[in-house]
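The primary structure of each chain is shown beneath.
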Amino acid sequence: MKIIVDAMGGDNAPVEIVKGALAAHRAYGTEIVLVGRAAEVLGAVEGCGEKTLPPGVQIKDASEVVEIADDPATAFKKKKDSSLTVGLNMLKEGLGDGFVSAGSTGALLAGATLVVKRIRGVRRAALCPQIPVLGGKAILCDAGANAECTAEYLLQFAFLGSLYAQKVMGMERPRVGLLNIGAESEKGDALRHEAYAVLEAAGRGGRLHFIGNIEASDAMLGGADVIVADGFTGNVMLKSLEGTAKLMSKELKGLFLSETKTKLAALLMKDKMAEFKRMMDPGEVGGTPFLGITKPVIKAHGGSDARAIQNAVRRAAEFAASGFIADVEANVAQMQMDLAEKI
């Protein structure tokens, strides 16, 4: 398995990116292509204690970098020799099995869509992270790639998330819920009403395990395995979850360190608190796939450290080996059929 890594993308590039990619190479035996300014990337490799490139690791020179201030929609076109553009073109040409970047989400999505291309019949690629819920994890689909959606997009997000839960997460019959302001079928706006109807039709046809509307509070309690949302609503939920996790972490730390007896309790709870922290840490998952693209493209958090990048490389390799993309290609007709039946 060979994974292409954007060495210049993210807040901690290239040092943490290179460090994490090398760690993934050592831990999993994954071949790595580091794309970026060759001198800087090689310097980062040497900073990790490697005098020369290890066997199975190579550098692909790219002279430009997509910056956070660049227009996401056009950055990969204007900077044709950027690490992001060069890496995506390598993926398109079959020079790697997956691509990982901690750079601009918008530029990565635009590049993945226009360079690597969407699967034929998929209307929009979706950003679908795994989020912690009571009892395990769920897929939130979409979490920011598509602010404005149609019912057909939401139907396809449901299929994409359900197939991902089966193929990558090992769920036999994922429960699909439509994120809404109430559980009743009549709740929500016109988009939610139309989406509910086509998802219900898919459920009756046995193509999805649709359980109806779900509120965010019930979703966090493990009420669904796949949470379907437009990108605006999904991103608000994701950011609220991240903020709540940080709030709880800080409040618990302050509580445990407030006096002697609570400090003793903190000492006794140290291992359990570490488990809780890992559960809420996006770096444990490492990266989020753009579902609906013809090849694996993984978005790592912009602030990713070496551990997060190592996990993102692992996620990309697992995704590439899962057979997910072939399953989507084989089932695209079903994703469109339900909407046609409703109309």
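Analysis parameters
- Residues numbered from 1 in each chain as written.
- Predicted model: local features only at pLDDT ≥ 70, side-chain atom pairs only at ≥ 80, totals over all residues.
- Heavy atoms only, no water.
- Pairing = 2+ DSSP bridges.
- Helix = DSSP H or I, 4+ residues; strand = E, 2+ residues; numbered from the N terminus.
- Contact = heavy atoms within 4.5 Å.
- Axes fitted to C-alpha atoms, helices over the stretch in contact; angles between N-to-C directions.
- Left-handed = near helix turned anticlockwise from the far one by under 90°.
- Nonpolar A, V, L, I, M, F, W, Y, C, P; charged D, E, K, R; others polar.

S.K.: Describe the sheet that holds strand E4 (residues 98-101), with residues and values.
M.R.: Spatial strand order, E3-E2-E1-E4-E12-E11-E5: seven strands in an open sheet with mixed pairing. With one partner strand each, in any of the chains shown, strand E3 (57-61) and strand E5 (126-127) form the two edges of the open sheet. Bridge count between E5 and strand E11 (residues 287-291): two bridges; the pairing is antiparallel. Residue Ala 126 lies in a different strand from E11, and its bridge partner there is Leu 291. In this fold helix H13 (residues 306-321) packs onto strand E1 (2-6), strand E2 (31-36), E4, E11 and strand E12 (297-300), with an angle of close to 160° to the strand it touches most, E12.

S.K.: Account for the packing of helix H4 (residues 83-92) against helix H5 (residues 105-117), naming residues and giving values.
M.R.: Two packed helices can be described by the angle between their axes and the distance between those axes. It is the contact of H4 with H5, at a shortest axis distance of 10 Å, that shows an interaxial angle of 35°. By crossing handedness, the relation of H4 to H5 is classed as right-handed. Where H4 abuts H5, its residues Leu 84, Leu 88, Asn 89, Leu 91 and Lys 92 lie against Ala 107, Leu 108, Gly 111, Ala 112, Val 115 and Val 116. Looking at side-chain class alone, the contact of H4 with H5 contains eight nonpolar, two polar and one charged residues.

S.K.: With reference to specific residues and values, describe the side chain of Ser 162.
M.R.: Within the secondary structure, Ser 162 is located in helix H6 (residues 151-167). Ignoring any residue separated from it by four or fewer positions in sequence, one finds Ser 162 in contact with Pro 174, Val 176, Leu 208 and Val 226.

Fair warning: the whole summary comes from geometry, so function is off the table for now.
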